[in-house]
Structure formats: C-alpha cells, structure tokens
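Observations on chain architecture
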Amino acid sequence: MRLSGLIPEPGSPLDRVATLVISNIAWVFLSLMIIPLPAATAGLFAVMTPLARNKDREFFATFFSTMRRQWRKATLLGLLDFALGALVLVNLQALATIPLPEAVVWFLRSLTLIVGLVLLLANLYAWPLLVMFDLPMGRLIKVSLLLTLAHPLQSLFTLVLGAAPIVAGLFLPPWLLFVGFVSLSALAISWGSWRVIRQRASAEELEELDDPMRGP
C-alpha cells in the first residue's frame, strides 16, 4: 500500500502541525481523567521542547515513554503545585477576614501575590527541565527557582508567551482548545524557557541533549 502521499515528511511544516494537534488531543483526553494529568503534561513538554529547539521527536514513542518514565516526578510536581497554589489562595482569603491595619494587609497581600507569581514562573522551567535533564526532584525545584529569580524579565516574557494561545482561545470556538492551543502554549513556554536554560546549562549537558543515541 502506497502511503507516501498521506504521511507527511518528518520535520516538514505539515508534520510539525500534525504533532501539535495530536499532542494537544492526547493531553486533553488524558487530563480529563485527572490522575494522569501531570504525567501527560510531562509527555507534552517532552514533545514540545525539542520542537522549540528546532528538533523533531516521534510523537508516540516520546509522549508515552516520557509518561511512563517520569510519572512519579511529574505527579510530585503536580501535587506540589496544587498544594502551594491552594496555600496562596487560602492565605489571600484569610487576609480578607483578619482585622489588621490596611497597610499591613496590603503588604501581606502583595507579598503573597509575589510568592505566587514566583512559583508560577518557576513552573515555566520545571516542566521543560523535567524532560530535558535527569535531575533529582530537589535539584529540579532549586534550579527552577534560581532561574526564575536570576531572569525575572525573561521569565515574565515567557509567561506572556505561554498565556497568549490560551487567552486567544477564549475568544474562539471552544473546540479549538481541544485541537491545538494547549500544545501551542507548551511550545511557547518551551521556546522561552530554553532561551534561559541554554545560557546556564554546561557544555556537557548541551551535548547530551543533542546526542543522537539519547532516547526519547
């Protein structure tokens, strides 16, 4: 059976668009089951991060093998995000009910929001780092926070890039969110974070990323 006209050439624009769409659909489907959401997010970034570096990875092998290998770290990272996010929200709600001077409330609320923003920005590095380098969980978190604090403007720029596809999707038919906006957001985050990560990664780490013998 001749399928050459049906299957796009690897690395072609059509192949990369197909990868974006398939990745998005797979992530949405798995996220609906809640439990595999963190592992699926790791799989999504494992596919998007090479694309951000103008590299190509085979979708099925990369996405699902990353889910299998990184589900523990991804789940821990997801639970940590949920716990810290909930803590920030609870703290903001508590500040609205505690009878303190307005200046003190304003200071504590601002401090809480800054902490929440730093945690959000750290995630822009944590997920790409998770799939790029085999870092212990503690070091993964430490490096993500250090990159955020060392490059605040670039981190904010990456946040805007990542949010843009999702915000655009709010003004378009909802079904388009299932087709490509999540993967576009992950691609934008991967592109922005890679610009910072490559400045801090060692030559050996960069060579390892480009090693043709390196698995997905």
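Above this note sits the structure.
A few points on the structure. (Residues numbered from 1 in each chain as written. Predicted model: local features only at pLDDT ≥ 70, side-chain atom pairs only at ≥ 80, totals over all residues. Heavy atoms only, no water.)

The next point concerns the overall build of the protein. Secondary structure summary: the protein contains 8 helices and 0 strands in total. Seen in sequence order, the protein has helices and strands lined up from the N terminus as α-α-α-α-α-α-α-α. Over its C-alpha trace the protein gives a radius of gyration of 19 Å, about what one expects of a compact globule, namely 17 Å for 216 residues. Buried residues in the protein amount to 39% of all 216 residues. Of the contacts made within the protein by residues no fewer than 6 positions apart, 73% connect residues no fewer than 24 positions apart. Accessible area of the protein: about 12,700 Å², with a carbon and sulfur share of 73%. Taking the 16 positively charged and 13 negatively charged side chains of the protein as two groups, their mean positions are separated by 3 Å. (Helix = DSSP H or I, 4+ residues; strand = E, 2+ residues; numbered from the N terminus. Rg over C-alpha atoms; globule rule 2.2 N^0.38 Å. Buried < 20%, exposed > 50% of the residue type's maximum accessible area, 1.4 Å probe, protein only. Contact = heavy atoms within 4.5 Å. Areas by Shrake-Rupley, 256 points an atom, 1.4 Å probe, with all protein chains shown as cover. Lys, Arg positive; Asp, Glu negative; His and termini not counted. Charge placed at Lys NZ, Arg CZ, Asp CG, Glu CD.)

With that settled, the discussion passes to unusual backbone geometry. Only a minority of non-glycine residues have a phi that is not negative, and only a minority of peptide bonds are not trans. Positive phi, close to 65°, is recorded for I34, a residue that is not glycine. For N54, which is not glycine, the phi torsion reads 60° and is therefore positive. Among the structural elements, N54 can be located in the loop between helix 2 (37-52) and helix 3 (59-95). Relative accessible area serves as the criterion here: at 55%, N54 is assigned to the exposed category.

A few words now on the environment of F63. By the element assignment, F63 lies in helix 3. For F63, the residues in contact, after removing those within four places along its chain, are S23, A26, W27, L30, A40, G43, L44 and V47.

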